[in-house]
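# Descriptive analysis of the structure
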Protein chains: 4
Amino acid sequence: MMDTTRLEAFSDGVFAIAITLLVIAIELPAPGGDLPRELVRLWPSYLAYAISFFVIGAIWINHHGMFQHVIRTDNGFLVLNLLQLMAIAFIPFPTAVLARAISSGSNERIAIVFYGATLLAVGIFVNLMWWYAARRRRLLDKNLSGQDIRRISRLLLVGPAAYAVAILAGLVLPWAALASFIAINIFFLWPRRISGAPPRLES
Amino acid sequence: MMDTTRLEAFSDGVFAIAITLLVIAIELPAPGGDLPRELVRLWPSYLAYAISFFVIGAIWINHHGMFQHVIRTDNGFLVLNLLQLMAIAFIPFPTAVLARAISSGSNERIAIVFYGATLLAVGIFVNLMWWYAARRRRLLDKNLSGQDIRRISRLLLVGPAAYAVAILAGLVLPWAALASFIAINIFFLWPRRISGAPPRLES
Amino acid sequence: MMDTTRLEAFSDGVFAIAITLLVIAIELPAPGGDLPRELVRLWPSYLAYAISFFVIGAIWINHHGMFQHVIRTDNGFLVLNLLQLMAIAFIPFPTAVLARAISSGSNERIAIVFYGATLLAVGIFVNLMWWYAARRRRLLDKNLSGQDIRRISRLLLVGPAAYAVAILAGLVLPWAALASFIAINIFFLWPRRISGAPPRLES
Amino acid sequence: MMDTTRLEAFSDGVFAIAITLLVIAIELPAPGGDLPRELVRLWPSYLAYAISFFVIGAIWINHHGMFQHVIRTDNGFLVLNLLQLMAIAFIPFPTAVLARAISSGSNERIAIVFYGATLLAVGIFVNLMWWYAARRRRLLDKNLSGQDIRRISRLLLVGPAAYAVAILAGLVLPWAALASFIAINIFFLWPRRISGAPPRLES
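Keep in mind the model is a prediction, meaning the values are calculated, not measured.

## Quick word on the overall build of chain A
- Helix and strand counts for chain A stand at nine helices and zero strands.
- Structurally, chain A occupies a C-alpha span of about 60 × 35 × 30 Å along its principal axes.
- Residues counted as buried form 61% of the 203 residues belonging to chain A.
- Approximately 7,800 Å² of chain A is accessible, and the part contributed by carbon and sulfur atoms is 64%.

Put into structure tokens, the structure is as follows:
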């Protein structure tokens, strides 16, 4: 079995590249024009850049959180991780679509729903990875109690559930949906609920 | 001699970057148009993205599988590995060609053959690496039996042989060839046949 | 708590990718034209490439310098580091804006101020990270004296203060501002003042 | 002092990214046209891709070769390494210029000279790094004999000297120059002359 170090290093590489590629989706202003106005006009691109940077960062932190408990891998887990990375590496595309939609003042609704659907896909794969690892605890650290496994399982379900609700809300209130995407990631970012939860076990 | 850790780390970097660069080949929909229709119209790009993501992921997993047994490197092996990486890092190009051909509804046949030829090249370099490493076992772990070496040699030959057949089929039935490329990678992905095979030796 | 190794590795990935992506902002000369003249005409792109390469390199070296003393992380620190990386990964954009402004001979002033503002943002996040880590020394190596902490705090403040002054100067003398950005980074590059300072403590 | 592990890891990241970015310089054929002809017409892009892939690979191998002997770093060495990486990360640009010049059948001479000048810059920085590290042996492994240091110094000088001659030749015989660039890299690739040379010392 491949040890998790290598899987994490490869995943980290994909995270780092996807997060740094976000910048190339920002269109350069036309040369010779009114540059201050052009740079201000690009605010939707900056906003989309910042949101996606934070989203990928939050997913990265939680990915590591999960690997505090997952100490073995097998082929099924590798494939599920690959599917998660496939959704994460896709994020620059809906980010650029979102920036353009806000910028052109049309199709914001569908762009926000499309963006949220990508995050929903990430969330679903995160849950599939956890369920797969936790089934009969085959890939988990033995020191993790059944109670903690159930707690983390419930916590991880918050992600896709909240994204699904936010996407539905986005059909009516697109900006509320976008705010929800940010809120969901702050929820998972602070405090680090997945790996940080069981300190009482370690002491 | 360079130890294999560094070679694997460099190769992993190339794998991670090539897999994450796939997304930038997806053309952005024109702003202000009918976005839902545009996003649906891009399905060939999503399909090509998903296939290449899986293909590169499968090659990555098998690359590591080989390095379970290869424990030394020399210059010849470094050069062969570089040639393999050259073919892998090229994959985003035939992927984009394939997506555009399917999207425009013309030249699918040649695009699929071109895509398959790139995978065939990867497969050939994988075999050259293995033959080079296995000749007089100079770069292999001594615990690997001659029987296992022959079994892995036969197994790795399946790749280029199957790609060659699929490419020929693609001249007549392009979609069957594309389905074969996916099937070949699933074959090598699950179960991990190269490194996972000799458990009876380790016990 | 996540140990700092992983945080540094992820940050290094972002640094390495951002610095290597700078090249794709250089526009290719039109084919078939007067190539020598075209290649010379691109000097603003080469200049912007070289400056940003050095700037990101200098930030990278200082990032590691800080991690000589920071030996623990928590969620707040992770988020601040993510904000710093967000500003660093953004650098290719103002770099391209700067190259185009100089190239077209218009808007140099605003492009230089915009570029400096990005570096100012990096500098502010560097300071926030340090203050956060140094508050009640919670994330610092215990061997670092209070005197050294204050010395590093003062030193790090030089960055944003100098950038702020240079940006203001840039409103009048754009080229002096650009020269200042380079000078600030040389100041932080040579000698490595942050990690290199406390050798008398280590001996 | 920063230990060399981190410097090598960062450098490896830049190498891996620069080598993988080469593919995005290949222009996609126009959709709907005569795809087989278009794919053949792109041969200069494939050639330039293959040459630069090999060149960067050869530089990478030699970079590691040097770090078999360099066991410490200081600020001056970091800066020289950064300058070398600046030249390496620039390679995708002259590669694309070269591909376009060959493709358009004009300006091959200047494109080949420009390409060679970039490799010459890399070679000069390699030599500066070595001289800096070897001066009073301050950054070198103590087991390296003075004779070996001189041998490696002479060997490394072959690079820029050969590039300079090839560039001059390129003003008259552009294709001979291109062939020379390949030959120079094969010379440094096989056998690995820098790290591989002193086996008699290690035994």
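## Some details on the interface of chain C and chain A
- Taken together, the contact between chain C and chain A spans 32 residues of the former and 35 residues of the latter.
- Where chain C abuts chain A, roughly 3,000 Å² becomes buried across the two surfaces, and 79% of that area is made up of carbon and sulfur atoms.
- At the boundary of chain C with chain A, the tally comes to one salt bridge.
- The partner of Arg6(C) in a salt bridge is Glu8(A), with the nearest N and O atoms 3.3 Å apart.
- Counting the contacts that link chain C with chain A gives four residue pairs in polar contact (both at pLDDT 80 or more).
- Those elements that place two or more of their residues in the side of chain C that touches chain A are helix 1 (4–21), helix 4 (75–90), helix 5 (92–104) and helix 6 (108–134) of chain C.
- By residue number, the principal contributor to the side of chain C that touches chain A is helix 4 of chain C, which donates ten residues.

## Some details on the packing of helix 1 (residues 4–21) of chain D against helix 4 (residues 75–90) of chain D
All names here are of chain D.
- Packing of helix 1 against helix 4 brings their axes to within 10 Å, and their N-to-C directions diverge by 10°. It follows from the interaxial angle that helix 1 and helix 4 lie roughly parallel. Where helix 1 abuts helix 4, its residues Leu-7, Phe-10, Ser-11, Val-14, Phe-15 and Ala-18 lie against Phe-77, Leu-78, Asn-81, Leu-82, Leu-85, Ile-88 and Ala-89.
- The residue inventory of the contact of helix 1 with helix 4, partitioned by class, reads eleven nonpolar, two polar and no charged.

## Overview of the nonpolar core
- Counting residues in hydrophobic clusters, the biggest one holds 303 residues, and the most contacted among them are Phe181(A), Phe93(B), Phe181(B), Phe181(C) and Phe181(D).
- Contact partners of Phe181(D), with chain neighbours within four places excluded, come to Ile112(D), Tyr115(D), Gly116(D), Leu119(D), Tyr163(D), Ala166(D) and Ile167(D).

## So, the arrangement of the chains
- Nothing in chain B touches chain C; the tightest C-alpha to C-alpha distance between them is still 9 Å.
- Regarding chain A and chain D, the two do not touch, and the least distance separating their C-alpha atoms is 9 Å.

## Concerning the relation of the copies chain A and chain B
- Rotating chain A by 90° and moving it 0.0 Å along the rotation axis overlays it on chain B with an RMSD of 0.0 Å. Such a combination of rotation and displacement between the chain copies is what one expects of a four-fold axis.
- Each copy contacts the other with its own distinct surface, as only 9% of the interface residues of chain A are interface residues in chain B too.

## A short note on the pattern of salt bridges
All names here are of chain C.
- What the rule picks out here adds up to 20 salt bridges over all chains.
- Between Glu-38 and Arg-41 there is a salt bridge; the shortest N-O distance is 3.4 Å. One end of the pair, Glu-38, and the other, Arg-41, are both in helix 2 (residues 35–41), three residues apart, so they sit about a helical turn from each other.
- Residue classification places Glu-38 among the buried residues on the basis of a relative accessible area of 19%.

## A short note on the packing of helix 6 of chain C against helix 7 (residues 146–170) of chain C
All names here are of chain C.
- Packing of helix 6 against helix 7 leaves a shortest axis separation of 9 Å and a crossing angle of 165°. Judged by the inter-axis angle, helix 6 sits roughly antiparallel to helix 7. Helix-helix and strand crossings are classified by hand; for helix 6 and helix 7 the assignment is left-handed.

## A few points about the relation of the copies chain C and chain A
- Mapping chain C onto chain A calls for a screw motion: a turn of 90° about the axis and a shift of 0.0 Å along it, with 0.0 Å RMSD after fitting.
- Interface overlap between copies is the fraction of interface residues in one copy that are interface residues in the other; for chain C against chain A it is only 9%, indicating separate surfaces.

## Quick word on helix 1 of chain C
- Its 18 residues give helix 1 of chain C an end-to-end C-alpha distance of 25 Å, which sits within 8% of 26 Å, the value for a rise of 1.5 Å per residue.
- For helix 1 of chain C, the buried fraction is high: 15 of the 18 residues fall into the buried class.

## Here's the deal with the packing of aromatic side chains
- Applying the stated criterion to the full structure yields 52 aromatic pairs over all chains.
- Each ring, one from Phe90(B) and one from Tyr49(D), has its centre 5.5 Å from the other, and the planes form 50°; the classification is tilted. One end of the pair, Phe90(B), is in helix 4 (residues 75–90); the other, Tyr49(D), is in helix 3 (residues 43–66), on a second chain. Judged on exposure class, the residue Phe90(B) and its partner Tyr49(D) are both buried.
- With 6.1 Å between their ring centres and 65° between their planes, Phe93(B) and Tyr46(D) make a pair best called edge-to-face. Within this pair, whereas Phe93(B) is found in helix 5 (residues 92–104), its partner Tyr46(D) is found in helix 3, the two belonging to separate chains.
- Through a chain of ring-to-ring contacts, three or more aromatic side chains come together here, namely Tyr46(A), Tyr49(A), Phe53(A), Phe90(C), Phe93(C) and Phe114(C).
- The cationic tip of Arg138(A) hangs over the ring face of Tyr132(A); the distance from NZ or CZ to the ring centre is 4.1 Å.

## Side note on the interface of chain A and chain B
- Across the contact, 32 residues belong to chain A and 35 residues belong to chain B.
- There are one salt bridge connecting chain A and chain B.
- Taken together, chain A and chain B are joined by four residue pairs in polar contact (both at pLDDT 80 or more).
- For the side of chain A that touches chain B, the elements supplying multiple residues, two or more each, are helix 1 (4–21), helix 4 (75–90), helix 5 (92–104) and helix 6 (108–134) of chain A.
- Per-element tally for the side of chain A that touches chain B: the top contributor is helix 4 of chain A, with ten residues.
- Taken together, the residues of the side of chain A that touches chain B sort by class into 24 nonpolar, six polar and two charged.

## Focus on a nonpolar patch on the surface
- A cluster of nonpolar side chains, namely Ile24(A), Ile24(B), Ile24(C) and Ile24(D), defines an oily patch on the protein surface of about 260 Å² accessible area.
- Residue classification places Ile24(C) among the partly exposed residues on the basis of a relative accessible area of 35%.

## Comments concerning the side chain of Ser11(C)
All names here are of chain C.
- Along the chain, Ser-11 falls in helix 1.
- Classification of Ser-11 as buried rests on a relative accessible area of 0%.
- Aside from chain neighbours lying at most four places away, what touches Ser-11 is His-63, Asn-81 and Leu-85.

## Examining the confidence of the model for chain A
Residue and element names in this part refer to chain A.
- Summary statistics for chain A give a mean pLDDT of 88 and a share of 92% for residues scoring 70 or more.
- The secondary structure element of chain A with the lowest average pLDDT is helix 9 (residues 199–202), at 34, and the one with the highest is helix 6, at 95.
- Ignoring residues within four places in sequence, the model shows residues 197–203, a span with pLDDT below 50, making eleven contacts including any to other chains.
- Note on the complex model: pTM 0.91, ipTM 0.89.

Definitions and cut-offs
- Residue positions within a chain follow its written sequence, with the count starting from 1.
- Starting at A for chains and at 1 for ligands, labels are handed out in the order in which the entities are written.
- The predicted origin of the model limits local features to residues at a pLDDT of at least 70 and limits the giving and counting of side-chain atom pairs to 80 or more, whereas totals for whole chains, interfaces and linings rest on all residues.
- Based on all heavy atoms of the structure, the side-chain values leave hydrogens and waters out of the count.
- Segments assigned H or I by DSSP are reported as helices when at least four residues long, segments assigned E as strands when at least two residues long, and all are numbered from the N terminus.
- When accessible area is computed with a 1.4 Å probe and restricted to protein chains, residues below 20% of their type maximum are described as buried, those above 50% as exposed, and intermediate ones as partly exposed.
- Here, Shrake-Rupley sampling with a 1.4 Å probe gives the accessible areas, and only protein chains in the shown set may cover a residue.
- Only heavy atoms enter the contact rule, under which two residues are in contact if any of them lie within 4.5 Å.
- Summed over both partners, buried area is the accessible surface (1.4 Å probe) that two parts give up on being assembled.
- Any carboxyl oxygen of Asp or Glu within 4 Å of a side-chain nitrogen of Lys or Arg constitutes a salt bridge here.
- Whenever a nitrogen or oxygen atom comes within 3.5 Å of another N or O atom, the pair is scored as a polar contact, on the condition that within protein one atom can donate a hydrogen and the other can accept it, and that pairs from neighbouring residues in sequence are kept only if both atoms are in side chains.
- Axis definition: a line fit to C-alpha positions, over the contact stretch in the case of helices; interaxial angles, taken between N-to-C directions, run 0 to 180 degrees.
- Note on angle classes: values under 35 degrees are labelled roughly parallel, values over 145 roughly antiparallel, values of 65 to 115 roughly perpendicular, and the remainder oblique.
- Residues are grouped as follows: nonpolar covers Ala, Val, Leu, Ile, Met, Phe, Trp, Tyr, Cys and Pro; charged covers Asp, Glu, Lys and Arg; every other residue, Gly included, is treated as polar.
- Here, nonpolar core refers to any group of buried Ala, Val, Leu, Ile, Met, Phe, Trp, Tyr and Cys residues whose side-chain atoms link them within 4.5 Å.
- Overlaid copies result from least-squares superposition on C-alpha atoms, with residues included only where pLDDT is at least 70 in both.
- In this scheme the handedness of a crossing depends on how the near helix is turned from the far one: anticlockwise by less than a right angle means left-handed, clockwise means right-handed.
- A helix is expected to span 1.5 Å for every residue after the first.
- Only the six-membered ring of Trp is used, alongside the rings of Phe and Tyr, when aromatic pairs are assigned; centres must lie within 6.5 Å, and planes under 30 degrees apart are stacked while those over 60 apart are edge-to-face, with the rest tilted.
- Whether a charge sits over a ring depends on NZ of Lys or CZ of Arg being within 6 Å of the ring centre and within 35 degrees of the ring normal.
- Each patch is built from residues that are more than 30% exposed by relative accessible area and take part in no salt bridge. Like charges join if they lie within 9 Å; nonpolar side chains (Val, Leu, Ile, Met, Phe, Trp, Tyr) join within 5 Å.
- Scored between 0 and 100, pLDDT is the confidence that the predictor attaches to each residue.

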